[in-house]
Amino acid sequence: MYHYKASILTNEELYQRYIDTNDPRILSVIIENNLKGIWRTAMHYAKSFSNVNYEDMLQEAALGYYEGLKRYDPTRNVKVNSYCTVWAKKYVMDYLNTH
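Summary of the structure given here. (Residues numbered from 1 in each chain as written. Predicted model: local features only at pLDDT ≥ 70, side-chain atom pairs only at ≥ 80, totals over all residues. Heavy atoms only, no water.)

### Focus: helix 5 (residues 80-98)
The test is simple: Secondary structure elements are taken from DSSP: a helix is a run of H or I of four residues or more, a strand is a run of E of two residues or more, and numbering for both begins at the N terminus. Given the number of residues in a helix, its expected span is that number minus one, multiplied by 1.5 Å. Exposure is judged per residue with a 1.4 Å probe applied to protein chains only, and the accessible area is read against the type maximum: over 50% gives exposed, under 20% gives buried, and values in between give partly exposed. Residues are treated as being in contact if the distance between any of their heavy atoms lies within 4.5 Å.
With 19 residues, helix 5 extends 27 Å between its outermost C-alpha atoms, agreeing within 8% with the 27 Å of an ideal straight helix rising 1.5 Å per residue. Residues of helix 5 that are buried: Val-80, Tyr-83, Cys-84, Trp-87, Ala-88, Val-92, Tyr-95 and Leu-96. Check the buried side of helix 5 and you find it contacts helix 1 (11-21), helix 2 (24-33), helix 3 (35-48) and helix 4 (54-71).

Take a look at the structure:
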C-alpha cells in the first residue's frame, strides 16, 4: 500500500497521481488521510438522529466520499475534500431517508 502522508502531498497532488497512474490504491490513501472529516460528517448526523447505527453512518459517509473521488473534476477549481464531503453528506442523508 502507498504511504503518502497528508503533510507530504495534498489531496489535489494525490488525485493528480491517480489520474496519471489510474491506481485505485491512491483513492484509498486520500480517504485514509481524510478519515477525520468523514468521521465528523457521520458524527454530526448520528447526534441528530439517535435511532440509527453510527457505524452504518460512518460507512455511508466513506462510500459517499469515495463516490465523490470517482466523480471529481479537477478543472472545476474546487478542492477535493470540499467536493467529496458534499458527496459524503448526500450518502448519509440518503441513508437516513431510507431508514
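Having put the structure on the table, let's press on.
### Considering the pattern of salt bridges
What counts, and what does not: Any carboxyl oxygen of Asp or Glu that lies within 4 Å of a side-chain nitrogen of Lys or Arg is treated as forming a salt bridge with it.
According to the stated counting rule, one finds 4 salt bridges in the structure shown. Lys-70 is the partner of Glu-67 in a salt bridge, and the nearest nitrogen-oxygen pair spans 3.6 Å. Of this pair, Glu-67 and Lys-70 both sit in helix 4, 3 residues apart, which is roughly one turn of that helix. On the basis of relative accessibility, which here comes to 14%, the residue Glu-67 falls in the buried class. Owing to a relative accessible area of 46%, Lys-70 belongs among the partly exposed residues under this scheme. For Asp-94, the salt bridge is made with Lys-90, and the minimal N-O distance between the two is 2.6 Å. With a gap of 4 residues between them, Asp-94 and Lys-90 both fall in helix 5, about one helical turn apart. Asp-94 sits in the partly exposed class, given a relative accessible area of 35%. Assessed through its relative accessible area of 39%, Lys-90 is described here as partly exposed. Salt bridges sharing common partners tie together Glu-67, Lys-70 and Arg-71.

### Things to note about the nonpolar core
Nonpolar side chains tend toward joint burial in soluble globular proteins. The criterion, for reference: Buried residues of nine kinds, namely Ala, Val, Leu, Ile, Met, Phe, Trp, Tyr and Cys, make up a nonpolar core once their side-chain atoms join them within 4.5 Å.
Judged by nonpolar contacts, the single largest core of 27 residues is most densely connected at Tyr-15, Ile-30, Met-57, Tyr-65, Leu-69, Val-80 and Leu-96. Of all elements in the fold, only helix 1, helix 2, helix 3, helix 4 and helix 5 reach the threshold of two or more residues within this core. Ranked by the residues each element gives to this core, the list is headed by helix 5, at 8 residues. In this view, Tyr-65 contacts Asn-11, Ile-30, Ile-31, Asn-34, Ile-38, Asn-81, Cys-84, Thr-85 and Ala-88; residues no more than four positions away in its chain are not counted.

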